[in-house]
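Report on the structure
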Amino acid sequence: MLVRLYKKDNDPEILGRITDILEDGGIIIYPTDTMYAIGCHALKERAVEKICRIKGVDPKKNNLSIICYDLSEISRYARMDNSTFKLMKRNLPGPFTFILEGTSRLPKIFRSRKEVGIRMPDNPVIREIVRQLEAPVMTATLPYDESEEDPGYATDPGLIDEKWGKSVDLVIDGGPGTLSLSTVVDCTSPDPVILRQGLGTLL
């Protein structure tokens, strides 16, 4: 199912339907400030496992990422010192993934590795969904092979729905996407380390 959402003034009934899908352990595809992503309610472990299977990711070997609405929510699911807090406050919302030590509030599947990726995309559509859900969304970039596939299958909501519509519960059309990746910043040691330079430039 493909649903169109806008930067603001979306139908509360549609937003409620989306949060219901997530509460029920459903999988959705949605826009971010980088690539379109696939995600679920981060505290629903079976849904997280399903996305790991779709992505071909072993959670014991790869960090998983979540989208939080604000810094207060981030502090519930990840540990950060004052300098990391200030760094994130300067740069979020934005196209970054900050690697932090996760807390016990996250399901066991996240805790097989001590770190968790934290995102707060500068995209009002997914941020409003996370706000209404009152819980983080587990997030992963949409699987895409640029050597074999038309870029539209990663950027065009209609083509994304054509490819993935039967594998997920909902595809959100938030307008054209990009093929950009987030900048990944490891904040698990005293000095932040950029692991991948993407769209975001640290301030």
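Residues numbered from 1 in each chain as written. Predicted model: local features only at pLDDT ≥ 70, side-chain atom pairs only at ≥ 80, totals over all residues. Heavy atoms only, no water.

Note that Leu-106 resides in the loop between strand S6 (94-102) and helix H5 (108-111). Assessed through its relative accessible area of 2%, Leu-106 is described here as buried. Taking the C-alpha atoms as reference points, Leu-106 and Glu-45, 61 residues apart in sequence, are found 9.3 Å from one another. Once residues lying within four places of it in the same chain are set aside, the contact partners of Leu-106 are Ile-66, Tyr-77, Arg-111 and Val-116. (Helix = DSSP H or I, 4+ residues; strand = E, 2+ residues; numbered from the N terminus. Buried < 20%, exposed > 50% of the residue type's maximum accessible area, 1.4 Å probe, protein only. Contact = heavy atoms within 4.5 Å.)

Turning our attention to helix H1 (residues 12-23). Taking 1.5 Å as the rise per residue, H1 with 12 residues should run 16 Å; its terminal C-alpha atoms sit 16 Å apart, in good agreement. Residues of H1 that are buried sit in contact with strand S1 (2-4), strand S2 (28-30), strand S3 (37-41), helix H6 (124-133), strand S8 (137-141) and strand S9 (170-173). The backbone nitrogen of Glu-13 lies 2.8 Å from a side-chain oxygen of the residue at the head of H1, namely Asp-11. Positive backbone phi, approximately 85 degrees, marks Gly-25, located one or two places after H1. (Expected span 1.5 Å × (residues − 1). Polar contact = N/O pair within 3.5 Å; in protein donor to acceptor, adjacent residues only side chain to side chain.)

Applying the stated criterion across every chain yields a total of 6 salt bridges. Among the ionic pairs, Glu-101 bridges to Arg-79, the shortest N-O distance being 3.4 Å. With Glu-101 in strand S6 and Arg-79 in strand S5 (residues 78-79), this residue pair connects regions lying 22 residues apart in the sequence. The partly exposed category is assigned to Glu-101, whose relative accessible area is 39%. Judged by relative accessible area, Arg-79 falls into the partly exposed class, the value being 45%. One salt bridge connects Arg-113 with Glu-115, and the closest N-O pair in it is separated by 3.8 Å. (Salt bridge = Lys/Arg side-chain N within 4 Å of Asp/Glu carboxyl O.)

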